[in-house]
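Descriptive structure summary
One-letter residues, chain by chain:
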Amino acid sequence: MGFGPKYPMYNKLLGMFANLPIGLPFSVTFKHYHLEHHRYQGDEKLDTDIPTYIEAKLFNSTFGKFIWVLLQPFFYALRPMFIYPKSPTALEIISVSIQLMFNYLVYLYLGSKVLTYMLAGSLMAMGLHPVAGHFISEHYMFHKGYETYSYYGPLNFITFNVGYHNEHHDFPFVPGSKLPQVKKIAPEYYDNIPQHNSWTNVLYDFIMDPSIGPYARIKRKHRGLKF
């Protein structure tokens, strides 16, 4: 939150601005689904971070998992539309419109190569890339019975401490800059549970280890209210 909790609209506008080089309008929509991921972690319907049964079935071999990792941005973007679609909000429509206008201006004044580089770079950065290892390291069950993992490697310095994921789930309103202090204050809760120190190793193990794959998630039955 660049402007703090008192100015939510300014933070949303800043998010849209920071999103522009990505080329795909993730900022506003991601927040809605991410909040529900926190509230209903593991829910088969409401937690859209969980791969679908079809994903787990189709991409369970070594080669299949390699392809799944490459295409991970598409699964993240399209999965919610199929398993938990929502009507777009006014802010989402504005966000998409701004992003499309920016993309058009890039194409108009800088050319198709720059636009392609921008989009392809974003997809690669969220696919088979060391930093993208955090998408897999956070909740895939590398140790049976543990559903959330933190990463304490050096890449936290360039990713705003996104690796401190157990700490983030325990205290979602603590900014990333303060999450290392959470771990320091309460080491008894974080030091002795499974953790990661290399996102590159996470990607390698995920692809090569037959016991890990898109299916390696703790999943809970959806218990919505009946009217």
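In the nomenclature of an unreviewed UniProt entry, the protein chain corresponds to Sphingolipid delta(4)-desaturase DES1 isoform X2 from the organism Sipha flava.

Turning next to helix α4 (residues 62-70). All of the buried residues in α4 are Gly64, Lys65, Trp68 and Val69. An end-on view of α4 places all buried positions within 135° of arc, on one side of the element.

All right, on to the side chain of Glu147 then. Summarising the element assignment, Glu147 is placed in the loop between α8 (133-137) and β1 (150-151). Residue Glu147 is classed as buried on the basis of its relative accessible area of 18%. Side chain to side chain, Glu147 and Gln41 meet in a polar contact 3.2 Å long. When neighbours within four sequence positions are excluded, Glu147 is seen to be in contact with Gln41, Glu138, His139, Ile218 and Arg220.

Contact geometry of helix α1 (residues 8-19) with helix α6 (residues 90-110) gives a least axis separation of 10 Å together with a crossing angle of 30°. Judged by the inter-axis angle, α1 sits roughly parallel to α6. Regarding α1 and α6, the two cross each other, and that crossing is right-handed. Contact residues: α1 offers Met9, Lys12, Met16 and Asn19, while α6 offers Leu91, Ser95, Ile98 and Gln99. Classifying every residue of the contact of α1 with α6 by side-chain character gives 4 nonpolar, 3 polar and 1 charged.

Trp68, Val69, Ile136, Tyr140, Phe142, Phe206 and Ile212 are the most contacted members of the largest nonpolar core, which totals 14 residues. Secondary-structure elements contributing two or more residues to this core are α4 and α12 (199-208). It is α12 that contributes the most residues to this core, 4 residues altogether. Ignoring any residue separated from it by four or fewer positions in sequence, one finds Phe206 in contact with Lys65, Trp68, Val69, Ile136, Tyr140, Phe142, Ile212, Gly213 and Pro214. In this structure, Tyr152, Tyr164, Leu179 and Ala186 belong to the second largest nonpolar core, which totals 6 residues.

What counts, and at which threshold
- Residues numbered from 1 in each chain as written.
- Predicted model: local features only at pLDDT ≥ 70, side-chain atom pairs only at ≥ 80, totals over all residues.
- Heavy atoms only, no water.
- Buried < 20%, exposed > 50% of the residue type's maximum accessible area, 1.4 Å probe, protein only.
- Helix = DSSP H or I, 4+ residues; strand = E, 2+ residues; numbered from the N terminus.
- Arc of directions from axis to C-beta.
- Polar contact = N/O pair within 3.5 Å; in protein donor to acceptor, adjacent residues only side chain to side chain.
- Contact = heavy atoms within 4.5 Å.
- Axes fitted to C-alpha atoms, helices over the stretch in contact; angles between N-to-C directions.
- Parallel < 35°, antiparallel > 145°, perpendicular 65-115°, else oblique.
- Left-handed = near helix turned anticlockwise from the far one by under 90°.
- Nonpolar A, V, L, I, M, F, W, Y, C, P; charged D, E, K, R; others polar.
- Core = buried A, V, L, I, M, F, W, Y, C linked by side-chain atoms within 4.5 Å.

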